[in-house]
Amino acid sequence: MDVETALRKMPKAELHLHLEGAVDASTFAELAAHHGLELPPHDQVADLYSYDSLADFLVIYSLVCRSIQTEADFRRVTYECLARCADSGARYVELFLSPESHFEMGVEYPTMLAGVLTGMADAQAERSLESNLIPAINRELGPARAVEFVEMVAAHPHPQIIGVGLDFNEIGFPSADYVDAYRAAAAHGLHRTSHAGEVGPADNVRAAIDLLDCERIDHGYHVVDDPDLVASCVESQIAFTVCPTTTEYTTVWRDLSAPDHAIRQMSEAGLKLMVNSDDPAMFVSDLGNEYVRLHREMGLSLDTLAEMALNGIDAAWIDDATKTALRADWSAEIDTLLAATA
Ligand code: HPA
Ligand code: ZN
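First, a word on what this report is: a plain description of the structure on this page. (Residues numbered from 1 in each chain as written. Chains lettered and ligands numbered in written order. Predicted model: local features only at pLDDT ≥ 70, side-chain atom pairs only at ≥ 80, totals over all residues. Heavy atoms only, no water.)

Okay, the coordination of the zinc ion (ligand 2) next. Put simply, a metal with four donors set out as a tetrahedron has ideal angles of 109.5 degrees, and one with six donors set out as an octahedron has ideal angles of 90 or 180 degrees. Taken together, His-16 (NE2), His-18 (NE2), His-195 (NE2) and Asp-278 (OD) make up the full set of protein donors to the zinc ion (ligand 2), lying 2.1 to 2.2 Å away. For the zinc ion (ligand 2), the four donor atoms are set out with angles of 82 to 173 degrees between them, so the coordination reads as irregular. (Donors = N, O, S within 2.8 Å, 3.2 Å for Na, K, Ca; no water. Tetrahedral: all angles 85-135°; square planar, octahedral: opposite > 155°, others 65-115°.)

On to the site of ligand 1, then. The environment of ligand 1 is made up of His-18, Leu-54, Phe-57, Leu-58, Tyr-61, Asp-167, Phe-168, His-195, Glu-198, His-219, Asp-278 and Asp-279. Residue Glu-198 places a side-chain N or O atom 2.7 Å away from a nitrogen atom belonging to ligand 1. In the complex, the protein chains occlude 100% of the 260 Å² of accessible area that ligand 1 would expose alone. Considering every element that reaches the shell around ligand 1, the biggest residue donor is helix α3 (residues 54-67), with four residues. A class-by-class count of the residues in the shell around ligand 1 yields five nonpolar, three polar and four charged. (Near = heavy atom within 4 Å. Polar contact = N/O pair within 3.5 Å; in protein donor to acceptor, adjacent residues only side chain to side chain. Areas by Shrake-Rupley, 256 points an atom, 1.4 Å probe, with all protein chains shown as cover. Helix = DSSP H or I, 4+ residues; strand = E, 2+ residues; numbered from the N terminus. Nonpolar A, V, L, I, M, F, W, Y, C, P; charged D, E, K, R; others polar.)

We now examine the packing of aromatic side chains. Throughout the structure, instances matching the rule amount to nine aromatic pairs. Taking 6.5 Å as the distance between ring centres and 65 degrees as the angle between the ring planes, the aromatic pair formed by Tyr-221 and Trp-253 counts as edge-to-face. Of this pair, Tyr-221 sits in the loop between β6 (216-219) and α10 (227-236) while Trp-253 sits in the loop between α11 (244-250) and α12 (262-269), and the two are 32 residues apart along the sequence. Trp-253 shares its class with Tyr-221; the two are buried. Where Tyr-249 meets Phe-283, the ring centres are 4.6 Å apart and the plane angle is 20 degrees; that geometry is what we call stacked. Of the two residues, Tyr-249 is situated in helix α11 and Phe-283 in the loop between β8 (272-275) and α13 (287-296); the sequence distance between them amounts to 34 residues. Residue class for Tyr-249 comes out partly exposed when judged on its relative accessible area of 21%. In this arrangement the basic side chain of Lys-12 is found over the ring face of Tyr-291, its NZ or CZ atom lying 5.3 Å from the centre. The ring of Trp-317 has Arg-216 lying over it, and the distance from NZ or CZ to the ring centre is 3.9 Å. (Phe/Tyr/Trp six-rings, centres within 6.5 Å; stacked < 30°, edge-to-face > 60°. Buried < 20%, exposed > 50% of the residue type's maximum accessible area, 1.4 Å probe, protein only. Lys NZ or Arg CZ within 6 Å of the ring centre and 35° of its normal.)

Turning our eyes to something else, we now look at the sheet that holds strand β4 (residues 163-167). Strand order in the open sheet made by the eight strands is β1-β2-β3-β4-β5-β6-β7-β8, with parallel pairing throughout. In this open sheet, the two strands that pair with only one neighbour each are β1 (12-18) and β8. Along the sheet, successive strands turn relative to each other by an average axial angle of 25 degrees, direction set aside. The pairing of strand β3 (residues 130-138) with β4 spans three bridges and is classified as parallel. For Asn-138, the partnering residue across the bridge sits in β4 and is Asp-167. Each of β2 (90-97) and β3 is contacted by helix α6 (residues 109-127), which is oriented at about 150 degrees to β3, the strand it contacts most. (Pairing = 2+ DSSP bridges. Axes fitted to C-alpha atoms, helices over the stretch in contact; angles between N-to-C directions. Contact = heavy atoms within 4.5 Å.)

Here α13 crosses helix α14 (residues 302-315) at 145 degrees, and the two axes come no closer than 10 Å. Crossing hand, α13 versus α14: right-handed. Residues Tyr-291, Leu-294 and His-295 of α13 form the contact with α14, whose participating residues are Leu-302, Leu-305, Met-308 and Ala-309. Partitioning the contact of α13 with α14 into residue classes produces six nonpolar, one polar and no charged. (Left-handed = near helix turned anticlockwise from the far one by under 90°.)

With that out of the way, let us pick up the pattern of salt bridges. Across all of its chains, the model carries 22 salt bridges by this definition. Linking Glu-104 and Arg-66 is a salt bridge whose minimum nitrogen-to-oxygen distance equals 3.3 Å. Placement of the pair is Glu-104 in the loop between α5 (99-103) and α6 and Arg-66 in helix α3, with a sequence separation of 38 residues. Given a relative accessible area of 28%, Arg-66 falls into the partly exposed group. One salt bridge connects Arg-127 with Asp-87, and the closest N-O pair in it is separated by 2.8 Å. Residue Arg-127 is found in helix α6, and its partner Asp-87 is found in helix α4 (residues 71-87); the two are separated by 40 residues along the sequence. Residue classification places Asp-87 among the exposed positions, given a relative accessible area of 51%. (Salt bridge = Lys/Arg side-chain N within 4 Å of Asp/Glu carboxyl O.)

In this fold, Ser-98 is placed in the loop between β2 and α5. Taking relative accessible area as the criterion, Ser-98 reaches 2% and is therefore assigned buried. Sequence-distant contacts of Ser-98, that is, excluding residues within four places in its chain, are made with Glu-20, Tyr-61, Cys-65, Asp-167 and Phe-168.

On the secondary structure map, Lys-12 appears in strand β1. Within the buried core, Lys-12 has no salt-bridge partner, and the shortest N-O distance to an opposite charge, that of Asp-286, equals 7.9 Å. Within the structure, Lys-12 has its side chain in polar contact with the backbone oxygen of Leu-7 (distance 2.7 Å). (Lys, Arg positive; Asp, Glu negative; His and termini not counted.)

Bringing α13 into the picture now. Taken across its 10 residues, α13 has seven buried, putting it largely inside the fold. For α13, the full list of buried residues reads Leu-287, Gly-288, Glu-290, Tyr-291, Val-292, Arg-293 and Leu-294. The distance from a side-chain oxygen at the start of α13 to the backbone nitrogen of Gly-288 is 3.1 Å, and the residue carrying that oxygen is Asp-286.

The interhelical angle for the contact between α14 and helix α15 (residues 320-341), taken along N-to-C directions, is 160 degrees, at an axis separation of 10 Å. Classed by the angle they form, the pair α14 and α15 counts as roughly antiparallel. Helix-helix and strand crossings are classified by hand; for α14 and α15 the assignment is right-handed. Seen from α14, the contacting residues are Leu-302, Asp-303, Ala-306, Ala-309, Leu-310, Asn-311, Ile-313 and Asp-314; seen from α15, they are Lys-323, Leu-326, Arg-327, Trp-330, Ser-331, Ile-334, Leu-338 and Thr-341. Of the residues in the contact of α14 with α15, the class split is nine nonpolar, three polar and four charged. (Parallel < 35°, antiparallel > 145°, perpendicular 65-115°, else oblique.)

See below:
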């Protein structure tokens, strides 16, 4: 078996995936036309997904969100997203949803949930793929709204709505500002993660851990600017959900083969990393490709990538008995796959 096939088949968790960033350009164009939304000028549909910074990306991301309006739309994009995860070897997914960006079009939270949860049930039935949902706070709407958002999430409990995230642009919106929202999330028994250190400083990673009490960190790349913080994260083995292709679009580390790429520095420092696809359709990738690129372009060994796949089990918000069972199953499967590449 060739290495690429083995990496694609390798059992994986996907814990950093924005539903709306997983919408194909063609699905986006179709939904936008259906709802009478005007698209930016473009020659080909694929050109809709062109950007060179996090801020530019978030403008188009918000437009994609506007195109998803009905329960059926949410069900469709959720199933399409999860089916692509299954094609990449994902066995368990925790999916981010951006409710704030749908409110702009008057979509109600229960409508979003009904569609997404049905799409998740479809993926479970048809692809045996288990998934849970993480509604994400849009940090650009500020700390007071973040508290209201967490209260809204808590007021609509569901066994598959398991935590909250914090995303959009860190610049001007430091993580420390969201303490009250994260305290409320903890009080409601919700798990906690947050984007930090993607375009913002290492201090955001520190605040996410020390002040927001996050159980894992999304991206986290700027941790490498603070050796003391790296040392304490190595010690605690808090997980970082890194997203290789995203770094080319949103961060200062745009070359996966560069010796100083943050993900390489993080791996070499002994931080606990797991690999994710973030916004796979919008960055023209998928989960399997993220592993393949780390091998081909960053030169990470198959053993390192296997360890990152297993790290996904530790970082997942599932019970300890399930983690133990998955680790045994996946380890055996990975050993067989890697032996077949020799
Ligand atoms: N960073 C910040 N916010 C986001 C992202 C991201 O990569 N994807 C969707 N929202
Ligand atoms: Zn993200």
